[in-house]
Amino acid sequence: MLYPSNSADKLGFSEIKELIKAHCLSVMGQQMVDKIQVMSNYDLIYKFLSQAHEFKAILESDAALPINNFYDIKTLANKARIEGSFLSEDEFAQVQASLTTVFAVIAYFSERVGVYPNLEALFEHLPIEKIILKKIDQVIDPKGKMRVNASRDLMDITSGIAKAEQEARKKIDQIFKAATGSGWTADGSLTVRDGRLCIPLLAENKRKVKGFIHDESASGQTVYLEPEEVFTLNNRIRDLEFDRRREIIRILTGLTDELRPFVPLLLSYHGLLTKLDFVRAKALFAIDIEAEMPKVVNEARMRLLNARHPLLYLNFKKEGKSVVPLNVGIDEGTRLIVVSGPNAGGKSVCMKTVGLLQMMVQAGLLIPADADSVAGVFRQVFVDIGDDQSIESDLSTYSAHLSKMKKFVEDANGKTLILIDEFGTGTDPQFGGPIAEAVLEALNHKKVRGMVTTHYSNLKIFASQAEGIENASMLFNNTEMQPMYRLEVGKPGSSYAFEIAQKIGLPQNVLNLAKNKISAGQKKVDTLLVDLEREKKEIFDTKQKLDRQQRRVDSLLKENEELKAFLDENRKGLLKEAKQEAKNIILNANKLVENTIAEIKSSNADKEVTKALRDNLTVELQKNTVKAEAPKQKAATDEDIKPGDWVKLTDGDTTGQVIELIKDNVVIAMGDLRTVVKRKRLEKVAKSTVPKEIRRSNNTSTSDIASFSPEIDVRGMRTEDALFAIEKLFDRALMMGFGTLKVLHGKGDGILRKMIRQYLKKYDQVDRMEDEHPDRGGDGITYVHLK
């Protein structure tokens, strides 16, 4: 029971229903959402919650449920119930689509028997009569139209209409062609008038063709005539169409008569589709608000973990904000919670969240809270939120509050949830406070559950002393003067009236005057509350910091243990492999020694044979000797490296000879290749350690560089020969690090010059090409600049 009747609107439950309706596919589902009510039957609540939870699981993690067509077949079934009536082609198509959906849904759950038991219960013991669908399919095609072969008579009539239409068209085309040839027709083609195909004739020629005039143009110059020969054929077509319509009605009436015995079953199918649409809408809304199914108990208690107001959550979600979660519990030990704190600190939202989520649970809706939350069942929900003053009833704001308090005190019991906002306001605080305290005491005596918000100090004091009542406050950052919207149960909160007034800029002299007007005791209480709030904030922040540090420590310990386990496991493996390898070496050595001794004996200790066997033993010994690592040489420095020195890359085995030093870079020669390397990547090596072939290659390369000329004269050569010679010169110049080539090709007609430049453009290594100075040959010489 809800009191007053507008409680659903005040808590936002009506808005929740509208949001669910938006997810419905049918009007029937929307009508079912409108009928959602707060229930007190535990079994029904649990069943409806479980259905929504299972459908949510289907939407999130299973194949899509085949529910695409929802029609109001209840209306159609009631129409078919009447003797002599018949359903139209479109109406049978709706029944056909709905039955297809019903059978597809039943087949879907038949493949998942036991996975979704509460949804399966929706069609438990529901017979599957596919004969209905079969009968409809014989008459109605997939497009919802009558099949041509629905009956023999319909087929004959349809065929007759087609033939008559073809004959009439052929006849009128002949007459139209003849009239056009005679110049009797007006501009245009055959046209339809009054459902008849007519010829447009000039008015002066209307008597030259026998027939019936159906219309004329606005100017009167054109008449639309149906030829006499065609008129008879069109009348025949019209008669056949009437026959066809009568046959269709006869077929539909017969099909409706066959459907009539199944009307009760159709109504059951309608109920299944409506419930599926309803549950689907609830599940989709649950996904929107990230809702879960709490643990439901048949007791008057609750424990909400990380709960969020669904409407506030949706609004914040659009804006990219997050809602501060609510954690609160109401049970036998903590029956009533008195919430205090600053204005705009979230007291009312906190209380409305508790009330709205409890209403949603008892209406079979999933709630935006952790799945570990506990939701009980309350027989009554009493709400006092907002201003209910009434001119018609001659009720002031406070009178309206007192009327509700009278109802609460008289009818509330241990299974009632009460929600009272700004308890005791609306009259003189000197009298409103004691009255509110008395009402709170009476409600506590009746073991009522609930939550109230207040600014009255006497209620905070009473709550701290009375058994079953607990203070709570909305945390407030009194350093930044900002609410934190977090509920802290156990201590009352200050209203921060003076602090907020000071922040918004109320003059200091006014604030001082106000402070002097309150009693010393009240001032002391409020100061203590502010200090307490500050300490709670510090403790909360410290706890958060410690939690983060503890999580970090736990993470490091876990990582360390995993690393230790990994090392231990690998160490055992390596030792095992080493022991096996040592065992194999020993076995092989024994075999080798035995074989060697045997061969020496068989050769009578021949010196040559013995020497060969000894060398073989030495080779095998070297194979199993661990080579000592050579000490790493220092990277080359400015003092110990100079042109002509041999160096090696520290990160490889490449060896080369220093050609030139350029700041931190060193140009080294490796055979015909020149490269630039950072000084820190080189280490100096002795010339004797460099293989002879590398030294010989570098010496050859050095002499090549000395004899290399970056100029070439291709005058008089054929184009192919010139390009081949230039390519060879180009390759050597790149290998030796030359930056410019000089090509003498002569002027002539400029063809050779053009071909050479086009050929060299294809190389990425070419930076640019330019002519020689006019005084020194001009465009008869090309300079090729390399990158």
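Here's what I pulled together on the structure shown here. (Residues numbered from 1 in each chain as written. Predicted model: local features only at pLDDT ≥ 70, side-chain atom pairs only at ≥ 80, totals over all residues. Heavy atoms only, no water.)

**Description of the overall build of the protein**
Next up, step 1: For the protein, the helix and strand inventory stands at 23 helices and 24 strands.
Next up, step 2: Residues counted as buried form 40% of the 787 residues belonging to the protein.
Next up, step 3: Taking the intrachain contacts of the protein between residues at least 6 apart in sequence as the baseline, contacts between residues at least 24 apart amount to 69%.
Next up, step 4: Carbon together with sulfur atoms contributes 52% to the accessible area of the protein, which is approximately 44,500 Å² in total. (Helix = DSSP H or I, 4+ residues; strand = E, 2+ residues; numbered from the N terminus. Buried < 20%, exposed > 50% of the residue type's maximum accessible area, 1.4 Å probe, protein only. Contact = heavy atoms within 4.5 Å. Areas by Shrake-Rupley, 256 points an atom, 1.4 Å probe, with all protein chains shown as cover.)

**Describing the pairing of strand 13 (residues 449-453)**
Next up, step 1: Among the 5 residues that make up strand 13, 5 are buried, leaving the element largely enclosed by the rest of the structure.
Next up, step 2: Side chains Arg449, Met451 and Thr453 project from strand 13 onto one buried face, and the interleaved Gly450 and Val452 project onto a second face that is buried too.
Next up, step 3: Judged from the 4 bridges that link them, strand 9 (residues 336-340) and strand 13 form a sheet pairing that is parallel. Its bridge partner lying in strand 13, isoleucine 337 is registered against methionine 451. (Pairing = 2+ DSSP bridges.)

**Some points on the pairing of strand 9**
Next up, step 1: When you tally the buried positions in strand 9, you get 5 out of 5 residues, the bulk of the element.
Next up, step 2: A two-sided burial pattern is seen for strand 9, the buried positions comprising Leu336, Val338 and Ser340 on one face and Ile337 and Val339 on the other.

**Topic: the sheet that holds strand 8 (residues 326-330)**
Next up, step 1: A sheet is described by the order of its strands in space; here 4 strands give the open sequence 6-10-7-8, paired in mixed fashion. A strand with exactly one partner marks an edge of an open sheet, and here the two such strands are strand 6 (295-296) and strand 8.
Next up, step 2: Bridge count for strand 7 (residues 302-307) against strand 8 is 4 bridges, and the pairing is antiparallel. Counterpart to arginine 303 in the pairing with strand 8 is glycine 329.

**Concerning the packing of aromatic side chains**
Next up, step 1: In total, this model carries 11 aromatic pairs according to the counting rule given.
Next up, step 2: Aromatic side chains phenylalanine 212 and phenylalanine 231 sit 4.3 Å apart centroid to centroid with 40° between the ring planes, which places their arrangement in the tilted category. In this pair, phenylalanine 212 is assigned in strand 4 (residues 211-216) and phenylalanine 231 in helix 10 (residues 228-259), connecting sequence segments 19 residues apart.
Next up, step 3: Taking 4.7 Å as the distance between ring centres and 40° as the angle between the ring planes, the aromatic pair formed by phenylalanine 730 and tyrosine 763 counts as tilted. (Phe/Tyr/Trp six-rings, centres within 6.5 Å; stacked < 30°, edge-to-face > 60°.)

**Describing the sheet that holds strand 3 (residues 196-202)**
Next up, step 1: Taken in spatial order, the 4 strands line up as 2-3-5-4 in an open sheet, and their pairing is antiparallel. One side of each edge strand has no neighbouring strand; the edge strands of this open sheet are strand 2 (191-193) and strand 4. When the angles between neighbouring strand axes are averaged without regard to direction, this sheet yields 50°.
Next up, step 2: Pairing analysis gives 4 bridges linking strand 3 to strand 5 (residues 222-227), with the strands arranged antiparallel. Bridge assignment links isoleucine 199 to a residue of strand 5, and that residue is leucine 225.
Next up, step 3: Seen against the sheet, helix 9 (residues 152-181) touches strand 3 and strand 5 and runs at an angle of roughly 5° to strand 3.
Next up, step 4: Taken strand by strand, helix 10 contacts strand 3, strand 4 and strand 5, and its axis lies near 65° from that of strand 5. (Axes fitted to C-alpha atoms, helices over the stretch in contact; angles between N-to-C directions.)

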